[in-house]
Amino acid sequence: MPAPRALATEAVHAGRDDLARQGVHAPPIDLSTTYPSYDSRGEAARIDAFAADGAEPEGPPVYGRLGNPTVARFETALARLEGTESAVAFATGMAALSAVLLVRNAMGLRHVVAVRPLYGCSDHLLTAGLLGSEVTWVDPAGIADALRPDTGLVMVESPANPTLAELDLRAVAHACGSVPLLADNTFATPVLQRPAEQGARLVLHSATKYLGGHGDVMGGVVACDELFAGRLRQVRFATGGVLHPLAGYLLLRGLSTLPVRVRAASSNAAELAGRLAADPRVTRVHYPRIGGAMVAFEVAGDPHDVIAGVRLITPAVSLGSVDTLIQHPASISHRIVDVDDRRGAGVSDRLLRLSVGLEDVEDLWADLDRALGTASGPGRVFREAAVANR
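Residues numbered from 1 in each chain as written. Predicted model: local features only at pLDDT ≥ 70, side-chain atom pairs only at ≥ 80, totals over all residues. Heavy atoms only, no water.

1. Description of the overall build of the chain
Looking only at helices and strands, one finds 15 helices and 13 strands in the chain. Relative to the compact-globule value of 21 Å for 390 residues, the chain shows a C-alpha radius of gyration of 22 Å, a close match. Along the longest, intermediate and shortest principal axes, the C-alpha atoms of the chain span 80 × 50 × 35 Å. Intrachain contacts of the chain at a sequence separation of at least 6 include 72% that bridge at least 24 residues. Taken as a whole, the chain presents about 16,300 Å² of accessible surface, with 55% of it coming from carbon and sulfur. Side-chain charges in the chain split into 36 positive and 43 negative, and the spacing between the mean points of these groups amounts to 0 Å. (Helix = DSSP H or I, 4+ residues; strand = E, 2+ residues; numbered from the N terminus. Rg over C-alpha atoms; globule rule 2.2 N^0.38 Å. Contact = heavy atoms within 4.5 Å. Areas by Shrake-Rupley, 256 points an atom, 1.4 Å probe, with all protein chains shown as cover. Lys, Arg positive; Asp, Glu negative; His and termini not counted. Charge placed at Lys NZ, Arg CZ, Asp CG, Glu CD.)

Structure (structure tokens):
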């Protein structure tokens, strides 16, 4: 592995270190689905080697489902940013999580211990047992007691979607013992935290969000050690959840501005969180100690009126784009979670989730102020400015 470099430097150069030697400046996009080979014996040997341990085949590429040079550049860069040996990219974040579960299921380790809240579709995938897994939901303090001989994974998200609750990842990793900890780092990104440094063996990203950063590409990625990466590649090959090369190119390009975007959006978010906390129309503000570009807040009035009242801010699902998005989790991102489970995890019916972008903060506040003014609510208002932690 190359000598350590600052995060901002890695974001610009990781996965691109060979470009100047090739005489190009922008990373090439390899759109081939298959690759010619006149050495069928050698190709057979490389396929056998991949089947044995999932290691990336040496030499020229074989087939798009085995791997792609453009996607590999993104994987290399993300692994460098997260401080792991490897990373494996998938078509979406849910495809990435599914692959992790399938790896553990194949080993007879179908039990998952998880802490709410998680992203709504992650919650549903575990709760419904769609891939044959069984989940035990616990508070962080109950992780160690919930482990069983067939526990294959502990899953957490910090800051969590959508309440921005934070966990002590080092303490959680210690409680996991020998069971791998999967930490969803989508909200924080490696700019704000690197879970692998705190003991997480697997770091999950919905690359659709901050890694891409412009709302125009879907992808998922797991940063991990090479042993687990090999197994993930085998599942990816078998199930076909591959990342398209053009998406790999866009994600690699997105990483180059990730530190600048996250820090600028975080500055806006912190300012908006402070103003919302002082507003009598807002009953509670959730903003994590770690910072970041996400803000959640509960309103005294009707949250649907706020959604309908924005004009500059876009009312839409997803997050992490250069523009600001707002949504009502109980109606959209966490609608699929059982209502009692949702509320028990702190996702109230009055909660709104704001993904703060790069616009001028005064313009954003003017839009929020106007939208809050359209929401009708009770006369008595309880105000609590708080960060969401657990």
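2. Re the state of the cysteines
Enumeration according to the criterion identifies zero disulfides in this entry. With no disulfide partner, Cys224 has as its closest neighbouring cysteine sulfur the one in Cys176, 16 Å distant. A relative accessible area of 1% places Cys224 in the buried class. (Disulfide = S-S within 2.5 Å. Buried < 20%, exposed > 50% of the residue type's maximum accessible area, 1.4 Å probe, protein only.)

3. Observations concerning the packing of aromatic side chains
We describe a pair of aromatic rings using the distance from one ring centre to the other and the angle between the two ring planes. Scanning all chains against the criterion turns up one aromatic pair. When the centroid spacing of 5.7 Å and the interplanar angle of 75° are considered together, the rings of Phe50 and Phe237 count as edge-to-face. Placement of the pair is Phe50 in helix α3 (residues 40–53) and Phe237 in helix α10 (residues 226–239), with a sequence separation of 187 residues. Taking the ring centre of Phe90 as reference, the NZ or CZ of Arg236 above it sits at 6.0 Å. (Phe/Tyr/Trp six-rings, centres within 6.5 Å; stacked < 30°, edge-to-face > 60°. Lys NZ or Arg CZ within 6 Å of the ring centre and 35° of its normal.)

4. Focus: the environment of Ile313
Within the secondary structure, Ile313 is located in the loop between α13 (303–309) and β10 (314–315). The spatial distance from the C-alpha of Ile313 to the C-alpha of Gln234 is 42 Å, given a sequence separation of 79 residues. When sequence neighbours within four positions are dropped, the list of residues in contact with Ile313 reads Thr324, Leu325, Ile326, Leu354, Leu364, Asp367 and Leu368.

5. Re unusual backbone geometry
Each neighbour pair has its own omega, and for Arg116 with Pro117 the value is 0°, a cis peptide bond. Among the secondary structure elements, Pro117 is positioned in the loop between β2 (111–114) and α6 (120–128). Not every positive phi belongs to a glycine, and Thr189 is a case in point at roughly 60°. Checked against the element boundaries, Thr189 lands in helix α9 (residues 189–192).

These figures capture arrangement, not role.
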